[in-house]
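# Observations on the model geometry
What follows is each chain in one-letter form.
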Number of protein chains: 2
Amino acid sequence: MNRPLDETWFTEVFDSQGSAFSLKVNEKLLDVQSPYQHLEVYATQTFGNLMVLDGCVMLTDRDNFLYHEMIAHPALFTHQNPRRVVIIGGGDCGTLKEVLRHPGVEKVTQIDIDEEVTKAAERFFPALTESNDDPRAELLFADGVKWVDEADDASIDVLIIDSTDPVGPAEGLFKTDFLKRCHRILKPGGVMVQQSESPLYHSGSIIRELRRDMQAAGFDSVATLPFPQPVYPSGWWSVTLAGKDCDVCDFREQAAAESAMALLYYTPEAHRGALTLPPFMRQAFDV
Amino acid sequence: MNRPLDETWFTEVFDSQGSAFSLKVNEKLLDVQSPYQHLEVYATQTFGNLMVLDGCVMLTDRDNFLYHEMIAHPALFTHQNPRRVVIIGGGDCGTLKEVLRHPGVEKVTQIDIDEEVTKAAERFFPALTESNDDPRAELLFADGVKWVDEADDASIDVLIIDSTDPVGPAEGLFKTDFLKRCHRILKPGGVMVQQSESPLYHSGSIIRELRRDMQAAGFDSVATLPFPQPVYPSGWWSVTLAGKDCDVCDFREQAAAESAMALLYYTPEAHRGALTLPPFMRQAFDV
């Protein structure tokens, strides 16, 4: 039914695309202005808890499994033997948890600039932080761009950019210069993955530019994988993978099929299907 | 940004799931009370024209290709040689247009109860109705349930139920008794496909029940295919296929790959990928 939404709803308006998504809320659980961003947590009626940063929906209990599985597992199953993993952003720790499901991973460092996000996740999204005590996990609260600058050449297997949108604190994570530095710290055969916005809204803009910038930064192969994400603008989202001396259009399908992980969305068949882009995206990318 | 939405937005509130989706509108183009439903058309800011029935978003110019391709092509490429096709509902004619892309199809009959929908499509969504003059197309404005009742046994190759939600005029299209009649009029090797709501919202309810009802109605195989649909509740939608003496979990992949249709979303790889359900859906279906 068409009716105005009152203050019992949280609404994210996506002005540039003239759309908005709303969740009915029972109460606001947290409202903090950190040094970096405005952080809110709401209890919703049907999506569990909801985290919001600077007015943008970050995640809900109900559907975060889609994003977290799709930013972690395609990259991990594309790398031939991922042992050293770095996450830039990802303060809610949901990506970290997915990465740690891979038994071959020896160390994961998560670098988020804002400790308040992780504190809020521990308190209001305990399922996401349940692997934080894993001895392979290292949580740093620092500037991810600076951390990448100071990392050794060819020292990382998989680099995950689990950032907010390319405005505000995360703007620097979408620049060619940063992508070149990411390329530098990856080992040969290394895989980078970045959240890359909506296939419907951004195929001809942000995603297309990210793919070109990745290639300009020296990556040999690029693959954009679309997946559903109901609480993000358009309900449809993507990650873009880039390979250093490797082909991110192929992956360890057999290993993925034999994995004993209890996932909710990712399957090797979905991964294979996502690797073939819808024609409208191919046209937008000019590939 | 979180802010109340004023009257410059069209909002569909999905009360049972505590979510809402809104599009910024420039003007209302049509407001008609037909004998069956309340029909509105809006000009939106970024999604082109928007059709609304009884307050529920039916389609927009911008993203209807997803739904129309996915309700038509998986079913048509699953049937071994589809020649006689029937569409129940589908008054906007977008499904008809997709079906007519298949050169082997000899006749398509579309039966929608509400002629006002087709009139509005011709006026405000001309791209969808551009195949209506195809000599293979027959448009009837009548009760689809009654039409199915009166159709000959084993006379149809592909039966497409392109209905509104299972409330209001379309309620009868989601009942076991109707599915039995659908089974009766399909030839051996026949394929039925029905729009089946949101994977996130309805896997454990409407979709699960539809699948069981299809099996109870005599169908040998059932397959639910999820796909993105930004303007429908949750931004994620599904169709469910059922086969009479055939396996809808397989399809003419080679024919789909060699097809010269200029589609925007459907690919045989996406079809193959969608046939493997996300684990959370398999769990909900108990398969």
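Predicted model only: the values in this text are computed from it and were never measured.

### Some details on the relation of the copies chain A and chain B
Take chain A, turn it by 180°, move it 0.0 Å along the axis, and it overlays chain B with an RMSD of 0.0 Å. The superposition of one copy onto the other is thereby described by a two-fold rotation axis. The share of interface residues of chain A whose copies in chain B are also at the interface is 100%, consistent with both copies meeting through the same surface.

### Things to note about the domain arrangement of chain A
Residue and element names in this part refer to chain A. Segmentation of chain A into domains returns domain 1 (9-60) and domain 2 (64-285). On a C-alpha basis, the centroid separation for the pair domain 1 and domain 2 is 23 Å. Across the contact, 25 residues belong to domain 1 and 22 residues belong to domain 2. Broken down residue by residue, the surface that domain 1 buries against domain 2 is led by F14, Y36 and L59, which jointly contribute 25%. The tally of links from domain 1 across to domain 2 stands at 6 residue pairs in polar contact (both at pLDDT 80 or more). For the side of domain 1 that touches domain 2, the secondary-structure elements that each account for two or more residues are strand 1 (9-14), strand 2 (19-33), strand 3 (38-44), strand 4 (49-53) and strand 5 (56-60). Considering only residue class, the side of domain 1 that touches domain 2 consists of 17 nonpolar, 6 polar and 2 charged.

### Quick word on the packing of aromatic side chains
Two aromatic rings are characterised by how far apart their centres lie and by the angle between their planes. Using the criterion set out here, one finds 20 aromatic pairs over all chains in the structure. Aromatic side chains Y67(A) and F227(A) sit 6.4 Å apart centroid to centroid with 55° between the ring planes, which places their arrangement in the tilted category. Of the two residues, Y67(A) sits in helix 1 (residues 64-78) while F227(A) sits in strand 11 (residues 221-228), which places them 160 residues apart along the sequence. By relative accessible area, F227(A) is classed as buried at 1%. Relative to Y201(B), the ring of F14(B) lies with its centre 5.6 Å away and its plane at 10°, an arrangement referred to as stacked. Of this pair, F14(B) sits in strand 1 (residues 9-14) while Y201(B) sits in helix 6 (residues 199-216), and the two are 187 residues apart along the sequence. Summarising the burial analysis for this pair, F14(B) and Y201(B) share the class buried. One aromatic cluster is present, formed by F65(A), Y265(A), W236(B) and F280(B) through successive ring pairs.

### Topic: the pairing of strand 4 (residues 49-53) of chain B
Residue and element names in this part refer to chain B. Burial within strand 4 is extensive, with 5 of its 5 residues counted as buried. What you see with strand 4 is no split at all: N49, M51 and L53 on one side and L50 and V52 on the other are buried throughout. As paired strands, strand 3 (residues 38-44) and strand 4 are joined by 5 bridges and run antiparallel to one another. Pairing of E40 across the sheet is with V52, part of strand 4. Taking the residues that link successive antiparallel strands as the turn, the strand 3-strand 4 hairpin has 4 residues, and the phi of G48 there is positive, at about 70°. In this structure, strand 4 lies alongside strand 5 (residues 56-60), joined through 4 bridges in antiparallel fashion. Bridge pairing in strand 5 places L50 opposite T60. Adjacent in sequence and paired antiparallel, strand 4 and strand 5 are bridged by 2 residues, among which D54 carries a positive phi angle near 50°.

### Focus: the pattern of salt bridges
Considering all chains together, one arrives at 28 salt bridges over all chains under this definition. One salt bridge in this structure joins E98(B) and R101(B), with 2.8 Å as the shortest N-O distance. Take R101(B): its relative accessible area is 29%, and that puts it in the partly exposed class. One salt-bridge network, in which partners are shared between bridges, spans K28(A), D31(A) and E40(A).

### Considerations on the nonpolar core
Core analysis: the largest hydrophobic core is formed by 59 residues, its most contacted members being L76(B), V85(B), V99(B), V108(B), I160(B) and L241(B). No other element matches the 9 residues that helix 1 (residues 64-78) of chain B contributes to this core. Here V99(B) is in contact with A72(B), L76(B), V85(B), I87(B), V105(B), V108(B) and I160(B), once residues within four sequence places are set aside. One finds I87(A), V248(A), M261(A) and L275(A) within the second-largest nonpolar core, a separate group that totals 58 residues.

The rules behind each value
- Residues numbered from 1 in each chain as written.
- Chains lettered and ligands numbered in written order.
- Predicted model: local features only at pLDDT ≥ 70, side-chain atom pairs only at ≥ 80, totals over all residues.
- Heavy atoms only, no water.
- Least-squares fit on C-alpha atoms with pLDDT ≥ 70 in both.
- Contact = heavy atoms within 4.5 Å.
- Domains from an automatic or database assignment.
- Buried area = accessible area lost by both parts, 1.4 Å probe.
- Polar contact = N/O pair within 3.5 Å; in protein donor to acceptor, adjacent residues only side chain to side chain.
- Helix = DSSP H or I, 4+ residues; strand = E, 2+ residues; numbered from the N terminus.
- Nonpolar A, V, L, I, M, F, W, Y, C, P; charged D, E, K, R; others polar.
- Phe/Tyr/Trp six-rings, centres within 6.5 Å; stacked < 30°, edge-to-face > 60°.
- Buried < 20%, exposed > 50% of the residue type's maximum accessible area, 1.4 Å probe, protein only.
- Pairing = 2+ DSSP bridges.
- Salt bridge = Lys/Arg side-chain N within 4 Å of Asp/Glu carboxyl O.
- Core = buried A, V, L, I, M, F, W, Y, C linked by side-chain atoms within 4.5 Å.

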